[in-house]
Amino acid sequence: MRLAVAGATGQLGRRVAATAEGAGHRVVRISRATGVDLTTGAGLPEALRGVDAVIDASSTGSMRARESIDFFGAVTRHLLAAEEAEGVPHHVAVSIVGAARLGAGYYAGKRVQEELVTGRPGGWSLLRTTQFHGFVRQLIPAGRLGPIQLVPTMRVQPVAVDEVAAELVRIASGAPLGVVRDLAGPREERMAELVARYLRATGERRRVLQLPFPGAWGRGMRDGSLLPGPDAGLGTQTFDDWLRVSAEGADRD
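Regarding the layout of surface pockets
The space that makes up the largest pocket amounts to roughly 1,100 Å³. Those elements giving two or more residues to the lining of the largest pocket turn out to be α1 (11-22), β4 (91-96), α5 (106-118), α6 (135-143), β7 (148-152) and α9 (215-223). Top contributing element to the lining of the largest pocket by residue count: α6, with five residues. Along the lines of polarity and charge, the residues of the lining of the largest pocket split into 22 nonpolar, 18 polar and three charged.

Re the side chain of Ser 31
Residue position: Ser 31 is located in the loop between β2 (26-30) and α2 (44-47). Not counting the four nearest positions on each side in its chain, Ser 31 is found in contact with Ala 8, Thr 9 and Val 36.

As for the sheet that holds strand β12 (residues 207-211)
The three strands lie next to each other as β6-β7-β12, forming an open sheet whose pairing is mixed. Where the open sheet ends on each side, the last strands, each with one partner, are β6 (144-145) and β12. Direction of pairing for β6 relative to β7: antiparallel, over a ladder of two bridges. Paired with Arg 144 across the strands is Gln 149, a residue of β7. Against the sheet, helix α8 (residues 191-201) touches β7 and β12, its axis set at about 145 degrees to β7.

Description of the environment of Trp 217
By the element assignment, Trp 217 lies in helix α9. Residues in contact with Trp 217, not counting those within four places in the same chain, are Met 63, Leu 102, Ala 104, Gly 105, Tyr 106 and Tyr 107.

Some words on empty space enclosed by the protein
In this structure the tally under the stated criterion is two cavities of 30 Å³ or more. What lines the second largest cavity is Gln 131, Phe 132, His 133, Phe 135, Val 136, Val 156, Pro 158, Met 191 and Leu 194. Tallied by class, the residues present in the lining of the second largest cavity amount to seven nonpolar, two polar and no charged.

Here's the deal with the side chain of Arg 206
Positionally, Arg 206 belongs in the loop between α8 and β12. A polar atom in the side chain of Arg 206 sits 2.9 Å from the side chain of Gln 149. A polar contact is formed between the side chain of Arg 206 and the side chain of Glu 204, at a distance of 2.5 Å. Excluding residues within four positions of it along the chain, Arg 206 makes contact with Ile 140, Arg 144, Gly 146, Pro 147, Ile 148, Gln 149 and Leu 199.

Remarks on the nonpolar core
Across soluble globular proteins, nonpolar side chains show a tendency to be buried alongside one another. In this structure, Ile 30, Leu 44, Leu 48, Tyr 107, Val 136, Met 154 and Met 191 are the most contacted members of the largest nonpolar core, which totals 40 residues. Looking at this core element by element, the count peaks at six residues for α8. If we ignore the near neighbours within four places in the chain, the residues touching Val 136 are Met 191, Leu 194, Val 195, Tyr 198, Phe 239 and Trp 242.

What to know about the packing of α6 against α8
In contact at an axis separation of 10 Å, α6 and α8 are set at 85 degrees when each is read in the N-to-C sense. Considered as vectors, α6 and α8 are oriented roughly perpendicular to each other. Between α6, through Phe 135, Val 136, Arg 137, Leu 139 and Ile 140, and α8, the contact on the second element is made entirely by Met 191, Leu 194, Val 195, Tyr 198 and Leu 199. Residue classes in the contact of α6 with α8 are distributed as nine nonpolar, no polar and one charged.

Details of the environment of Leu 44
Along the chain, Leu 44 falls in helix α2. Taking the relative accessible area as the measure of exposure, Leu 44 reaches 0% and is therefore buried. For the pair Leu 44 and Ala 81, spaced 37 residues apart in sequence, the C-alpha separation works out to 9.5 Å.

What about the pairing of β7?
With antiparallel pairing between neighbouring strands as the criterion, β6 and β7 make up a hairpin whose turn holds two residues, including Gly 146 at a positive phi of roughly 60 degrees. Sheet topology note: the β7/β12 ladder contains five bridges and is parallel. Within β12, the position partnered with Val 151 by the bridge is Gln 210.

Here is what the cut-offs are and how they apply
Residues numbered from 1 in each chain as written. Predicted model: local features only at pLDDT ≥ 70, side-chain atom pairs only at ≥ 80, totals over all residues. Heavy atoms only, no water. 1 Å grid on protein atoms, 1.4 Å probe; cavity = no way out; pocket = protein on both sides within 12 Å on 5 of 7 lines; lining within 4 Å. Points joined across faces, edges and corners; volume = space filled by probe spheres on them. Helix = DSSP H or I, 4+ residues; strand = E, 2+ residues; numbered from the N terminus. Nonpolar A, V, L, I, M, F, W, Y, C, P; charged D, E, K, R; others polar. Contact = heavy atoms within 4.5 Å. Pairing = 2+ DSSP bridges. Axes fitted to C-alpha atoms, helices over the stretch in contact; angles between N-to-C directions. Polar contact = N/O pair within 3.5 Å; in protein donor to acceptor, adjacent residues only side chain to side chain. Core = buried A, V, L, I, M, F, W, Y, C linked by side-chain atoms within 4.5 Å. Buried < 20%, exposed > 50% of the residue type's maximum accessible area, 1.4 Å probe, protein only. Parallel < 35°, antiparallel > 145°, perpendicular 65-115°, else oblique.

Listed below in structure tokens is the structure:
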């Protein structure tokens, strides 16, 4: 098949593209590096010509609700319009477990993305996953405070990015499925404990202090809104498995 990967230079997009090629598919990498601007739609029609399915792995680094809404709203609208114009039969989107319910901060943009995709009459699949193991790396720089490491009070069930990539390629290889079963990691964890284990593994000595974030976003982190339900599919790589690989330098995401 000819598969297009939107956001192909990002953490997930790189893995999706590599996994698809490993499975024998022809991959069209969509990013600014390949001359396509997802936020304006420039270059998209040409990139999607002859494509069998699009996997949208795009993301933004902003945690602000307005910026996230603007990004995911623009990217999703441009992708869906270009796919319709070029006759692409299958759009595969990836979102976050609980994002639509929470709808705050970064998750507000994911909710808009879900609404746009699921509002179509057909031709789409939507996979929701939990946070990736590497999410701990994103939290650490903002939480450094001298000898203290601040971490939000958060219940998580992190999943391996490679397992998410494999599931997205599997979905894109078939007919559209609508909303598919959620994918999560093998067990629930506490974010503060994960950060502490990561710091120990990388030789850092800071004391970890968890703080409850205010508002709907912080409440959702604490109350289990971002955890999968009992019917979710579970990956196999634990955080400690990932940490061993990461400490050896084989996983930098």
